[in-house]
Amino acid sequence: MWGCSWLNGTGLVEELPACQDLQLVLLVLSLLGLLVGVPVGLCYNALLVLANLHSKASMTMPDVYFVNMAVAGLVLSALAPVHLLSPLSSRQVCQDSQWPLWSVGSEVHVALQIPFNVSSLVAMYSTALLSLDHYIERALPRTYMASVYNTRHVCGFVWGGALLTSFSSLLFYICSHISARALECTKMQNAEAADAMLVFIGYAVPALAALYALVLLSRVRREDTPLDRDEGRLEPSAHRLLVATVCTQFGLWTPHYLTLLGCTVFVSRGKPVDAHYLGLVDFAKDVSKLLAFCSSFVTPLLYRYMNQSFPGKLRRLMKKLPWGNRHCSPDHVGVQQVLA
(Lines give C-alpha, C1' and ligand atoms only; values in the text may rest on other atoms or scores of the structure.)
Protein backbone atom coordinates (compact mmCIF):
# COMPACT_ATOMS: atom_id res chain seq x y z
CA MET A 1 0.00 0.00 0.00
CA TRP A 2 2.78 2.43 0.87
CA GLY A 3 6.05 3.27 -0.83
CA CYS A 4 9.01 5.40 0.16
CA SER A 5 10.95 5.78 -3.06
CA TRP A 6 10.97 9.53 -2.37
CA LEU A 7 13.79 9.10 0.18
CA ASN A 8 16.27 9.20 -2.70
CA GLY A 9 16.30 8.72 -6.43
CA THR A 10 17.36 5.06 -6.45
CA GLY A 11 15.03 2.12 -6.65
CA LEU A 12 16.83 0.22 -3.87
CA VAL A 13 15.65 2.52 -1.13
CA GLU A 14 12.66 0.35 -0.26
CA GLU A 15 15.09 -2.34 0.90
CA LEU A 16 16.50 -0.04 3.61
CA PRO A 17 15.47 -0.75 7.23
CA ALA A 18 14.18 2.81 7.69
CA CYS A 19 11.92 2.46 4.68
CA GLN A 20 10.62 -0.90 5.86
CA ASP A 21 9.85 0.51 9.31
CA LEU A 22 8.04 3.48 7.76
CA GLN A 23 6.01 1.19 5.52
CA LEU A 24 5.10 -0.98 8.50
CA VAL A 25 3.95 1.98 10.60
CA LEU A 26 1.83 3.42 7.80
CA LEU A 27 0.40 0.01 7.00
CA VAL A 28 -0.64 -0.46 10.63
CA LEU A 29 -2.26 2.97 10.67
CA SER A 30 -4.16 2.20 7.47
CA LEU A 31 -5.41 -1.14 8.75
CA LEU A 32 -6.34 0.45 12.06
CA GLY A 33 -8.34 3.08 10.22
CA LEU A 34 -10.08 0.41 8.14
CA LEU A 35 -10.80 -2.00 11.00
CA VAL A 36 -11.74 0.62 13.60
CA GLY A 37 -12.36 3.94 11.89
CA VAL A 38 -14.67 2.70 9.14
CA PRO A 39 -17.06 0.74 11.43
CA VAL A 40 -17.07 3.57 13.97
CA GLY A 41 -17.76 6.11 11.23
CA LEU A 42 -20.59 4.08 9.74
CA CYS A 43 -22.14 3.40 13.14
CA TYR A 44 -21.95 6.89 14.65
CA ASN A 45 -22.88 8.71 11.45
CA ALA A 46 -25.92 6.48 11.02
CA LEU A 47 -26.93 6.99 14.67
CA LEU A 48 -26.46 10.75 14.33
CA VAL A 49 -28.76 10.87 11.30
CA LEU A 50 -31.41 8.52 12.68
CA ALA A 51 -31.51 10.07 16.16
CA ASN A 52 -31.97 13.59 14.81
CA LEU A 53 -34.52 12.57 12.20
CA HIS A 54 -36.48 10.73 14.89
CA SER A 55 -36.50 13.91 17.03
CA LYS A 56 -37.21 16.48 14.34
CA ALA A 57 -39.15 18.72 16.70
CA SER A 58 -36.11 19.26 18.92
CA MET A 59 -33.57 19.77 16.15
CA THR A 60 -31.62 23.02 16.16
CA MET A 61 -29.69 24.78 13.43
CA PRO A 62 -26.35 23.06 14.30
CA ASP A 63 -28.07 19.66 14.31
CA VAL A 64 -29.13 20.10 10.67
CA TYR A 65 -25.57 20.86 9.60
CA PHE A 66 -24.20 17.90 11.55
CA VAL A 67 -26.77 15.61 9.92
CA ASN A 68 -25.54 16.95 6.58
CA MET A 69 -21.93 16.21 7.52
CA ALA A 70 -22.95 12.78 8.82
CA VAL A 71 -24.45 11.84 5.44
CA ALA A 72 -21.20 12.92 3.78
CA GLY A 73 -19.32 10.90 6.41
CA LEU A 74 -21.32 7.80 5.52
CA VAL A 75 -20.26 8.18 1.89
CA LEU A 76 -16.61 8.67 2.87
CA SER A 77 -16.67 5.65 5.20
CA ALA A 78 -18.07 3.50 2.39
CA LEU A 79 -15.36 4.71 -0.01
CA ALA A 80 -12.44 4.41 2.42
CA PRO A 81 -11.68 0.68 1.92
CA VAL A 82 -11.46 0.99 -1.87
CA HIS A 83 -9.24 4.09 -1.77
CA LEU A 84 -6.90 2.93 0.99
CA LEU A 85 -6.54 -0.66 -0.26
CA SER A 86 -5.84 0.23 -3.87
CA PRO A 87 -2.44 -0.79 -5.26
CA LEU A 88 0.48 1.56 -4.72
CA SER A 89 1.05 2.40 -8.36
CA SER A 90 -2.63 3.14 -8.88
CA ARG A 91 -2.63 5.93 -6.31
CA GLN A 92 0.28 7.90 -7.79
CA VAL A 93 -1.68 10.89 -8.96
CA CYS A 94 1.25 12.79 -10.42
CA GLN A 95 2.30 9.94 -12.67
CA ASP A 96 0.57 7.65 -15.13
CA SER A 97 -1.06 4.81 -13.25
CA GLN A 98 0.08 1.26 -14.00
CA TRP A 99 -3.27 -0.20 -12.93
CA PRO A 100 -5.76 0.30 -15.78
CA LEU A 101 -8.82 0.09 -13.52
CA TRP A 102 -7.62 3.06 -11.43
CA SER A 103 -6.05 5.22 -14.13
CA VAL A 104 -7.28 8.79 -14.53
CA GLY A 105 -10.32 8.76 -16.77
CA SER A 106 -11.25 5.12 -16.17
CA GLU A 107 -14.76 4.15 -15.16
CA VAL A 108 -13.73 2.96 -11.69
CA HIS A 109 -11.67 6.07 -10.96
CA VAL A 110 -14.42 8.49 -12.00
CA ALA A 111 -17.19 6.49 -10.30
CA LEU A 112 -15.36 6.65 -6.96
CA GLN A 113 -13.70 10.05 -7.26
CA ILE A 114 -16.91 12.00 -7.90
CA PRO A 115 -18.69 10.92 -4.66
CA PHE A 116 -15.44 11.56 -2.77
CA ASN A 117 -15.24 15.12 -4.14
CA VAL A 118 -18.94 15.72 -3.47
CA SER A 119 -18.61 14.52 0.13
CA SER A 120 -15.54 16.69 0.72
CA LEU A 121 -17.32 19.75 -0.65
CA VAL A 122 -20.39 19.07 1.50
CA ALA A 123 -18.24 18.67 4.62
CA MET A 124 -16.28 21.87 3.98
CA TYR A 125 -19.27 24.04 3.15
CA SER A 126 -21.40 22.63 5.96
CA THR A 127 -18.65 23.55 8.40
CA ALA A 128 -18.26 27.05 6.95
CA LEU A 129 -22.02 27.71 6.89
CA LEU A 130 -22.33 26.37 10.43
CA SER A 131 -19.80 28.99 11.51
CA LEU A 132 -21.61 31.81 9.72
CA ASP A 133 -25.05 30.79 10.99
CA HIS A 134 -23.67 30.42 14.49
CA TYR A 135 -22.47 34.02 14.32
CA ILE A 136 -25.89 35.18 13.06
CA GLU A 137 -27.62 33.25 15.82
CA ARG A 138 -25.35 34.78 18.42
CA ALA A 139 -25.44 38.35 17.12
CA LEU A 140 -29.18 38.37 16.21
CA PRO A 141 -30.75 35.58 18.25
CA ARG A 142 -34.42 36.21 17.47
CA THR A 143 -34.38 37.12 13.81
CA TYR A 144 -34.83 33.47 12.68
CA MET A 145 -32.39 34.05 9.84
CA ALA A 146 -30.55 30.89 10.89
CA SER A 147 -33.67 28.84 11.60
CA VAL A 148 -33.97 25.09 11.13
CA TYR A 149 -36.32 25.58 8.20
CA ASN A 150 -33.88 27.82 6.35
CA THR A 151 -30.93 25.61 7.20
CA ARG A 152 -32.60 22.57 5.63
CA HIS A 153 -32.99 24.44 2.36
CA VAL A 154 -29.39 25.68 2.55
CA CYS A 155 -28.15 22.11 2.97
CA GLY A 156 -30.09 21.11 -0.13
CA PHE A 157 -28.35 23.84 -2.09
CA VAL A 158 -25.00 22.65 -0.70
CA TRP A 159 -25.50 19.16 -2.12
CA GLY A 160 -26.63 20.60 -5.44
CA GLY A 161 -23.63 22.91 -5.64
CA ALA A 162 -21.26 20.06 -4.76
CA LEU A 163 -22.69 17.93 -7.55
CA LEU A 164 -22.31 20.77 -10.06
CA THR A 165 -18.73 21.44 -8.98
CA SER A 166 -17.80 17.77 -9.35
CA PHE A 167 -19.45 17.69 -12.78
CA SER A 168 -16.17 18.91 -14.33
CA SER A 169 -14.58 15.53 -13.57
CA LEU A 170 -17.42 13.79 -15.36
CA LEU A 171 -17.01 16.09 -18.37
CA PHE A 172 -13.30 15.35 -18.44
CA TYR A 173 -14.02 11.62 -18.49
CA ILE A 174 -16.64 11.89 -21.22
CA CYS A 175 -14.46 14.07 -23.42
CA SER A 176 -11.54 11.67 -23.03
CA HIS A 177 -13.66 9.05 -24.84
CA ILE A 178 -15.31 11.13 -27.54
CA SER A 179 -12.47 13.52 -28.35
CA ALA A 180 -12.06 11.90 -31.77
CA ARG A 181 -15.68 12.74 -32.59
CA ALA A 182 -15.97 16.18 -31.04
CA LEU A 183 -13.12 18.62 -31.48
CA GLU A 184 -14.51 20.92 -28.79
CA CYS A 185 -13.80 18.30 -26.13
CA THR A 186 -10.06 18.68 -26.60
CA LYS A 187 -10.27 22.00 -24.75
CA MET A 188 -11.77 20.28 -21.71
CA GLN A 189 -9.06 17.63 -21.34
CA ASN A 190 -7.27 19.53 -18.60
CA ALA A 191 -7.31 17.67 -15.32
CA GLU A 192 -5.03 20.26 -13.69
CA ALA A 193 -7.60 23.01 -14.29
CA ALA A 194 -10.33 20.86 -12.75
CA ASP A 195 -8.16 20.15 -9.69
CA ALA A 196 -7.24 23.83 -9.31
CA MET A 197 -10.91 24.78 -9.48
CA LEU A 198 -11.70 22.13 -6.88
CA VAL A 199 -9.02 23.51 -4.55
CA PHE A 200 -10.30 27.07 -4.92
CA ILE A 201 -14.03 26.33 -4.66
CA GLY A 202 -13.82 23.36 -2.31
CA TYR A 203 -11.24 24.64 0.14
CA ALA A 204 -10.19 28.29 -0.25
CA VAL A 205 -13.72 29.73 -0.27
CA PRO A 206 -15.10 27.79 2.75
CA ALA A 207 -11.84 28.27 4.67
CA LEU A 208 -12.04 32.05 4.28
CA ALA A 209 -15.73 32.00 5.23
CA ALA A 210 -15.08 29.93 8.37
CA LEU A 211 -12.13 32.13 9.36
CA TYR A 212 -14.22 35.26 8.87
CA ALA A 213 -17.03 33.82 10.98
CA LEU A 214 -14.65 32.87 13.81
CA VAL A 215 -13.19 36.39 13.82
CA LEU A 216 -16.68 37.87 14.05
CA LEU A 217 -17.60 35.44 16.83
CA SER A 218 -14.50 36.42 18.81
CA ARG A 219 -15.53 40.07 18.58
CA VAL A 220 -19.08 39.35 19.67
CA ARG A 221 -17.92 37.28 22.65
CA ARG A 222 -15.76 40.18 23.88
CA GLU A 223 -18.70 42.59 23.81
CA ASP A 224 -20.94 42.73 26.88
CA THR A 225 -24.45 43.51 25.67
CA PRO A 226 -27.95 42.85 27.04
CA LEU A 227 -28.37 40.24 24.30
CA ASP A 228 -25.88 38.01 26.10
CA ARG A 229 -28.62 37.16 28.61
CA ASP A 230 -31.15 36.30 25.91
CA GLU A 231 -32.61 32.82 26.41
CA GLY A 232 -32.91 32.35 22.66
CA ARG A 233 -29.16 32.09 22.25
CA LEU A 234 -27.43 28.82 21.61
CA GLU A 235 -25.92 26.97 24.56
CA PRO A 236 -22.27 27.71 25.46
CA SER A 237 -21.40 24.11 24.62
CA ALA A 238 -22.51 24.81 21.04
CA HIS A 239 -19.66 27.29 20.66
CA ARG A 240 -17.09 24.79 21.90
CA LEU A 241 -18.49 22.17 19.54
CA LEU A 242 -18.31 24.67 16.68
CA VAL A 243 -14.65 25.53 17.30
CA ALA A 244 -13.72 21.87 17.69
CA THR A 245 -15.55 20.95 14.48
CA VAL A 246 -13.98 23.74 12.44
CA CYS A 247 -10.47 22.90 13.66
CA THR A 248 -11.01 19.18 13.07
CA GLN A 249 -12.53 19.42 9.60
CA PHE A 250 -10.08 21.92 8.19
CA GLY A 251 -7.15 20.35 10.02
CA LEU A 252 -7.85 16.94 8.48
CA TRP A 253 -8.77 18.21 4.99
CA THR A 254 -6.06 20.88 4.56
CA PRO A 255 -3.26 18.37 3.76
CA HIS A 256 -5.42 16.78 1.06
CA TYR A 257 -6.06 20.05 -0.75
CA LEU A 258 -2.47 21.27 -0.33
CA THR A 259 -1.04 18.10 -1.85
CA LEU A 260 -3.63 18.29 -4.63
CA LEU A 261 -2.51 21.85 -5.33
CA GLY A 262 1.15 20.85 -5.22
CA CYS A 263 0.59 17.99 -7.64
CA THR A 264 -1.31 20.32 -9.95
CA VAL A 265 1.55 22.82 -9.94
CA PHE A 266 4.13 20.12 -10.69
CA VAL A 267 2.19 18.74 -13.63
CA SER A 268 1.13 22.11 -15.07
CA ARG A 269 4.73 23.36 -15.29
CA GLY A 270 5.32 21.08 -18.25
CA LYS A 271 8.92 20.48 -17.22
CA PRO A 272 10.51 17.23 -16.11
CA VAL A 273 10.46 16.99 -12.35
CA ASP A 274 12.90 14.99 -10.27
CA ALA A 275 11.57 11.60 -9.23
CA HIS A 276 12.39 12.44 -5.62
CA TYR A 277 9.89 15.31 -5.54
CA LEU A 278 7.24 13.35 -7.43
CA GLY A 279 7.59 10.48 -4.98
CA LEU A 280 7.36 12.89 -2.07
CA VAL A 281 4.15 14.40 -3.45
CA ASP A 282 2.66 10.94 -4.02
CA PHE A 283 3.57 9.91 -0.48
CA ALA A 284 2.04 13.11 0.92
CA LYS A 285 -1.07 12.44 -1.17
CA ASP A 286 -1.48 9.02 0.42
CA VAL A 287 -1.05 10.37 3.95
CA SER A 288 -3.41 13.29 3.31
CA LYS A 289 -6.05 10.96 1.88
CA LEU A 290 -5.83 8.86 5.05
CA LEU A 291 -6.30 11.99 7.19
CA ALA A 292 -9.26 13.07 5.07
CA PHE A 293 -11.01 9.76 5.64
CA CYS A 294 -10.40 10.12 9.38
CA SER A 295 -12.78 13.09 9.38
CA SER A 296 -15.65 10.68 8.67
CA PHE A 297 -15.49 9.24 12.20
CA VAL A 298 -13.84 12.03 14.20
CA THR A 299 -16.63 14.56 13.57
CA PRO A 300 -19.53 12.34 14.77
CA LEU A 301 -17.49 11.43 17.84
CA LEU A 302 -17.11 15.14 18.64
CA TYR A 303 -20.83 15.58 18.23
CA ARG A 304 -21.54 12.57 20.43
CA TYR A 305 -19.42 13.73 23.37
CA MET A 306 -19.84 17.53 23.12
CA ASN A 307 -23.53 17.86 22.25
CA GLN A 308 -25.64 17.77 25.40
CA SER A 309 -28.91 16.86 23.71
CA PHE A 310 -27.67 13.95 21.61
CA PRO A 311 -27.68 11.29 24.40
CA GLY A 312 -31.35 12.01 25.08
CA LYS A 313 -32.21 11.75 21.39
CA LEU A 314 -30.30 8.50 21.18
CA ARG A 315 -32.19 7.03 24.15
CA ARG A 316 -35.53 7.98 22.60
CA LEU A 317 -34.45 6.33 19.37
CA MET A 318 -33.41 3.13 21.15
CA LYS A 319 -36.74 2.94 22.96
CA LYS A 320 -38.56 2.96 19.64
CA LEU A 321 -36.58 -0.01 18.35
CA PRO A 322 -38.11 -3.50 18.77
CA TRP A 323 -35.43 -4.55 21.24
CA GLY A 324 -35.26 -1.19 23.01
CA ASN A 325 -37.60 -2.02 25.93
CA ARG A 326 -37.08 -5.75 26.02
CA HIS A 327 -34.88 -5.73 29.12
CA CYS A 328 -36.09 -2.47 30.64
CA SER A 329 -39.89 -2.77 30.67
CA PRO A 330 -41.28 -3.33 34.16
CA ASP A 331 -43.43 -6.33 34.97
CA HIS A 332 -46.73 -4.67 35.82
CA VAL A 333 -48.37 -7.96 36.92
CA GLY A 334 -45.57 -8.72 39.34
CA VAL A 335 -45.66 -5.22 40.73
CA GLN A 336 -49.41 -5.47 41.36
CA GLN A 337 -48.98 -8.80 43.18
CA VAL A 338 -46.28 -7.38 45.44
CA LEU A 339 -48.42 -4.35 46.24
CA ALA A 340 -51.39 -6.63 47.05
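Residues numbered from 1 in each chain as written. Predicted model: local features only at pLDDT ≥ 70, side-chain atom pairs only at ≥ 80, totals over all residues. Heavy atoms only, no water.

## Structural notes on the side chain of Thr-245
Structurally, the position occupied by Thr-245 is in helix 7 (residues 236–268). At a separation of 2.7 Å, a polar atom in the side chain of Thr-245 contacts the main-chain carbonyl oxygen of Leu-241. Aside from chain neighbours lying at most four places away, what touches Thr-245 is Phe-66, Met-69, Thr-127, Thr-299 and Leu-302. (Helix = DSSP H or I, 4+ residues; strand = E, 2+ residues; numbered from the N terminus. Polar contact = N/O pair within 3.5 Å; in protein donor to acceptor, adjacent residues only side chain to side chain. Contact = heavy atoms within 4.5 Å.)

## A word on helix 2 (residues 61–84)
When the terminal C-alpha atoms of helix 2 are compared, their 34 Å separation across 24 residues agrees well with the 34 Å that a helix rising 1.5 Å per residue should span. Along helix 2, the helix axis deviates most sharply at Ala-78, where the bend reaches about 30°; the proline Pro-81 sits within four residues downstream. Extensive coverage of helix 2 is indicated by the burial of 18 of its 24 residues. (Expected span 1.5 Å × (residues − 1). Bend = angle between axes of the 7 residues up to and from the residue. Buried < 20%, exposed > 50% of the residue type's maximum accessible area, 1.4 Å probe, protein only.)

## So, the environment of Trp-253
Relative to the helices and strands, Trp-253 resides in helix 7. For Trp-253, a relative accessible area of 0% gives the class buried. Each C-alpha atom, one on Trp-253 and one on Met-124, is 8.4 Å from the other, the two residues being 129 residues apart in sequence. Not counting chain neighbours up to four residues away, the residues in contact with Trp-253 comprise Leu-76, Phe-116, Ser-120, Ala-123, Met-124, Ala-292 and Ser-295.

## A closer look at a nonpolar patch on the surface
Taken together, Val-25, Leu-27, Leu-29, Leu-31, Leu-32, Leu-35, Val-36 and Leu-85 make up a surface patch of nonpolar side chains, about 720 Å² in accessible area. Mapped onto the fold, Val-36 is located in helix 1 (residues 17–54). By relative accessible area, which is 43% here, Val-36 ends up partly exposed. (Patch = residues over 30% accessible without salt bridge, like charges linked within 9 Å, V, L, I, M, F, W, Y side chains within 5 Å. Areas by Shrake-Rupley, 256 points an atom, 1.4 Å probe, with all protein chains shown as cover. Salt bridge = Lys/Arg side-chain N within 4 Å of Asp/Glu carboxyl O.)

## Observations concerning the packing of aromatic side chains
Counted under the stated rule, the structure contains seven aromatic pairs. Relative to Tyr-257, the ring of Tyr-203 has its centre 5.4 Å away and its plane inclined at 25°; by these criteria the two rings are stacked. In this pair, Tyr-203 sits in helix 6 (residues 191–222) while Tyr-257 sits in helix 7, placing the two residues 54 residues apart along the sequence. Residue class for Tyr-257 comes out buried when judged on its relative accessible area of 1%. Plain terms: the ring middles of Tyr-303 and Phe-310 are 5.3 Å apart, the flat faces sit at 70° to each other, and that makes the pair edge-to-face. Since its relative accessible area comes to 0%, Tyr-303 is described here as buried. Feature note: the residues Phe-116, Tyr-203, Phe-250, Trp-253, Tyr-257 and Phe-293 constitute an aromatic cluster, connected by ring pairs. (Phe/Tyr/Trp six-rings, centres within 6.5 Å; stacked < 30°, edge-to-face > 60°.)

## Here we look at the UniProt feature "transmembrane region" (unreviewed entry) in the chain
The feature "transmembrane region" (unreviewed entry), as annotated in UniProt, sits at residues 24–53, 65–88, 108–132, 153–174 and 196–220 in this numbering. Its end C-alpha atoms 42 Å apart, residues 24–53 is made of 100% helix and 0% strand. With 100% helix and 0% strand, residues 196–220 has its two end C-alpha atoms placed 35 Å apart. (UniProt positions renumbered as here; feature names shortened; annotations may be inferred.)

## A word on the environment of Leu-261
Take Leu-261: it is sitting in helix 7. Among the residues examined, Leu-261 registers a relative accessible area of 37% and is labelled partly exposed. Along the backbone, Leu-261 and Phe-200 are 61 residues apart, and their C-alpha atoms lie at a distance of 9.4 Å.

## Focus: the nonpolar core
Judged by nonpolar contacts, the single largest core of 55 residues is most densely connected at Leu-48, Phe-66, Leu-130, Trp-253, Tyr-257 and Phe-293. Broken down by secondary-structure element, the contributors of at least two residues to this core are helix 1, helix 2, helix 3 (107–139), helix 4 (148–165), helix 6, helix 7, helix 8 (275–306) and helix 9 (310–320). Among the elements that take part in this core, helix 2 stands out by supplying twelve residues, more than any other. In contact with Phe-293, not counting residues within four places along its chain, are Leu-76, Leu-79, Ala-80, His-83, Leu-84 and Phe-116. (Core = buried A, V, L, I, M, F, W, Y, C linked by side-chain atoms within 4.5 Å.)

## A word on the environment of Thr-248
Within the secondary structure, Thr-248 is located in helix 7. For Thr-248, a relative accessible area of 18% translates into the label buried. Taking the C-alpha atoms as reference points, Thr-248 and Cys-294, 46 residues apart in sequence, are found 9.8 Å from one another. Setting aside residues up to four positions removed in sequence, Thr-248 forms contacts with Val-298 and Leu-302.

## Details of the confidence of the model for the chain
Summary statistics for the chain give a mean pLDDT of 76 and a share of 65% for residues scoring 70 or more. Summarising per-element confidence for the chain, the mean pLDDT is lowest in helix 10 (residues 332–339) (43) and highest in helix 2 (91). Counting contacts from residues 9–15, a segment whose pLDDT is below 50, to residues more than four positions away or on other chains yields twelve contacts. Here residues 327–340 is a poorly scored stretch, pLDDT under 50, and it has zero contacts once near neighbours within four places are set aside; other chains count. (pLDDT = per-residue confidence, 0-100.)

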